[in-house]
Amino acid sequence: MINTSKGIDWLIERLRADQSPDGSWNYPFETGLSTDAYMIILLRTLELNDEELIRGLVARIFSKQEKNGAWKLFYDEGDGNLTATVEAYYALLYSGYAKKDDKRLREAKKFILSKGGLEEVSIFTKVMLSLTGQYIWPDFSPLPIEFILLPHYFPINFYSFSVFGRANLTPIILLADKKFFIKTSMSPNLSELYLHRQQENLWFRSSEYRSLLSFIKDGVKRLMGLPEQLHQLAVERAKNYMLNHLEPDGSFYSYYSCTFLMIFALLSHGYKKTDPVITKAVNGLLAMKCDINGHPHMQYTTANVWNTSLIGYALQSAGVASDDPMVTMANQYLLNRQHHKFGDWVIHNPKTLPGGWGFSDVNTMNPDVDDTTASLRSISRMNPLERHVWDRGLNWLLSMQNDDGGWGAFEKNTDTKLFEFFPIEKGEFLLTDPSCADITGRTLEFLGNYTNLSRDHKAIHKGVEWLLSNQLKDGSWYGRWGICYLYGTWGALTGLLAAGIPSNHAAIQKSIKWLDGIQNKDGGWGESCHSDSKKAYVPLGFSTLTHTAWALDALIAASEEPTEQIRNGITYLLTSLEKEDWTTAYPKGQGMAGGFYIHYHSYRYIFPLIALSHYKNKFEV
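Residues numbered from 1 in each chain as written. Predicted model: local features only at pLDDT ≥ 70, side-chain atom pairs only at ≥ 80, totals over all residues. Heavy atoms only, no water.

Trainee: Describe the overall build of the protein, naming the residues involved and giving the relevant values.
Mentor: Helix and strand content of the protein: 25 helices and seven strands. Since a compact globule built from 621 residues should have a radius of gyration of about 25 Å, the 24 Å found for the protein is in line with a globular shape. C-alpha extents for the protein along the principal axes are approximately 70 × 60 × 45 Å. Of all 621 residues assigned to the protein, the portion counted as buried reaches 62%. Within the protein, counting contacts between residues at least 6 apart in sequence, those at least 24 apart form 75% of the total. A total accessible area of about 23,800 Å² is found for the protein, and carbon and sulfur atoms account for 53% of it. For the protein, the distance from the average site of its 61 positive side-chain charges to the average site of its 67 negative ones is 4 Å. (Helix = DSSP H or I, 4+ residues; strand = E, 2+ residues; numbered from the N terminus. Rg over C-alpha atoms; globule rule 2.2 N^0.38 Å. Buried < 20%, exposed > 50% of the residue type's maximum accessible area, 1.4 Å probe, protein only. Contact = heavy atoms within 4.5 Å. Areas by Shrake-Rupley, 256 points an atom, 1.4 Å probe, with all protein chains shown as cover. Lys, Arg positive; Asp, Glu negative; His and termini not counted. Charge placed at Lys NZ, Arg CZ, Asp CG, Glu CD.)

Next comes the structure, spelled out in structure tokens:
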């Protein structure tokens, strides 16, 4: 007989001990080494010689190096990742604490050259190398800056991209327009990392992209005005876009990459290194620093709202009362983080008032659907319920449904197919924000289980139709923001069931069969980060706590009795809760396939607690 109480109690007490004084949980949002490397490069460029931090980041980067000299994005990636290795190599040299004759750097160099050298790194790394004087900007701008002036009715315009795309592209087009770079006395020389000594300008190899570019240029020519005046107007609009989207901490949208790029873009337009806007932006980035295993890590952003909303909901599912001080503090924190500002989402959704929640601690203008449903779940049992908060949140959420019936993350109807012509690897992850199974499923789960909307409600009906039509042949769904097919299937299955689809429905049964068929012998589940690049489920070969919890929660929702698969999965969870190995630290979140993965330190507690609680509430009562 399985008894989940001991495991649930252990998880609750662990979370109680980790809560911050402000009521949130600030577990690290760990995204590899890029941000650590870029921080060293930024500090050295600005001549902000914070030696203690730089030494700490150097130690962290070296601690992650593989025996062959490379760095990886995830455990089973292969022999290494070229882009990550170039970034680490450059930062270590720029730090001044490592020299080219260091054996570890010699091995890294050998790996870089074996993979094609600097010419083969990602386009974002080429941008970083160009603006610090290590790579030549392309002969022509990758996107004419006047693009920002194109009207909304033009087939491709500034707002046809996702907010994340705009936030990163805006400083890039400013920098590329000026072909700006900045070096210092400490800048290393990376010329030995070129396979072709003449530094062939291999930025854009696509004829489709060149035709798209000429299409954009034709659109620009139709704008009324003299070329020089249009150019200056575009520059001012791009600068103002950045400055008008600064968070209270000085960061640009509270994201590391676009804040980093913005600082260089401002330098390219005459700002001094000591300008208050730049100083505040740097301090905003520094405030995102966290500690992992004794080393500093620069987070890409903070995940406090996401962690806290999920944990608040998980604790209450586990029977922690809504008036328990831990839950009360968490919900008060969430109430204080509801948005009151209009963000870019209003461009495609102009008739709705603000009311969503964002992801990070300082986010005030970039709400997302996932954080909104998670926060509403957590506050749903407050007594009395904050009705005005609830209504604003629910109205915003419903208004964000895409015309196709699904929900994306940040914006509405932002799914241009033109990204396919852009010379940006995995452009769909950066430039679009389409409906996805994980968010659509989680939204339906919320609407079905936490609101009194009829299951015949138009929004629920359309969401169900979207999920059913996007199920894959094997019975799974692709999840955009997690790894990957397990995440999407968990979201879709729990959403469909909450929306009233019976468990004997063919789509549900097909999905259960898929989950049962990929269970590991130890009772758990595990999925490789390779799934997102391969666009197909790739087993990890080992079980992880989080993947197991997702699969289990889906099966529990779909089953009337605890099946053998469910019992074996629960046993795996209960015997593995305190496990500490590479599977615990394996990324369970994705930002950009093949380039950006997230290890949420909170997930190992949140999702096992949810799965165990749902098992107990359904089968042990």
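Trainee: Tell me what's going on with helix α13 (residues 325-335), and back it up with residues and numbers.
Mentor: Along α13, the positions that sit buried rather than exposed are M326, V327, A330, N331, Y333, L334 and L335. Of the surrounding elements, those touching the buried residues of α13 are α1 (5-18), α12 (304-317), α14 (369-379) and α15 (387-399). Where α13 begins, the side chain of D324 points an oxygen toward the backbone nitrogen of M326, at a separation of 2.8 Å. (Polar contact = N/O pair within 3.5 Å; in protein donor to acceptor, adjacent residues only side chain to side chain.)

Trainee: Just give me the short version of the sheet that holds strand β7 (residues 596-600), but keep the residues and values in it.
Mentor: If you trace the three strands from one edge of the open sheet to the other, you get β1-β7-β6, paired in antiparallel fashion. Of all strands in the sheet, those with a lone pairing partner are β1 (29-30) and β6 (589-592), marking the two edges. Relative to β7, β6 is paired through three bridges, and the arrangement is antiparallel. Residue pairing for β7: M592 is matched across the bridge by F596. (Pairing = 2+ DSSP bridges.)

Trainee: For the packing of α12 against helix α25 (residues 603-620), give the residues involved together with the corresponding values.
Mentor: Relative to each other, α12 and α25 sit at 25 degrees, their axes nearing to 9 Å. Considered as vectors, α12 and α25 are oriented roughly parallel to each other. Crossing angle aside, the handedness with which α12 passes α25 is left-handed. Taking contact as the criterion, the partners of W306, N307, L310, I311, Y313, A314, L315 and S317 in α12 are, on α25, Y603, I606, F607, L609, I610, S613, H614 and N617. Per-class residue counts for the contact of α12 with α25 are 11 nonpolar, five polar and no charged. (Axes fitted to C-alpha atoms, helices over the stretch in contact; angles between N-to-C directions. Parallel < 35°, antiparallel > 145°, perpendicular 65-115°, else oblique. Left-handed = near helix turned anticlockwise from the far one by under 90°. Nonpolar A, V, L, I, M, F, W, Y, C, P; charged D, E, K, R; others polar.)

Trainee: Could you give me a rundown of the packing of aromatic side chains, with the residues and numbers involved?
Mentor: Aromatic ring pairs: the centre-centre distance and the angle between the two ring planes describe each pair. Applying the stated criterion across every chain, the model contains 42 aromatic pairs. Taking the centre distance of 5.7 Å and the plane angle of 20 degrees together, the rings of Y90 and Y94 count as stacked. Placement of both Y90 and Y94 in helix α4 (residues 82-95) is noted, with a separation of four residues, approximately one turn of the helix. Here Y90 and Y94 have matching classes, each one buried. Between Y241 and F252 the ring centres are 6.2 Å apart and the planes differ by 80 degrees, which places this aromatic pair in the edge-to-face class. (Phe/Tyr/Trp six-rings, centres within 6.5 Å; stacked < 30°, edge-to-face > 60°.)

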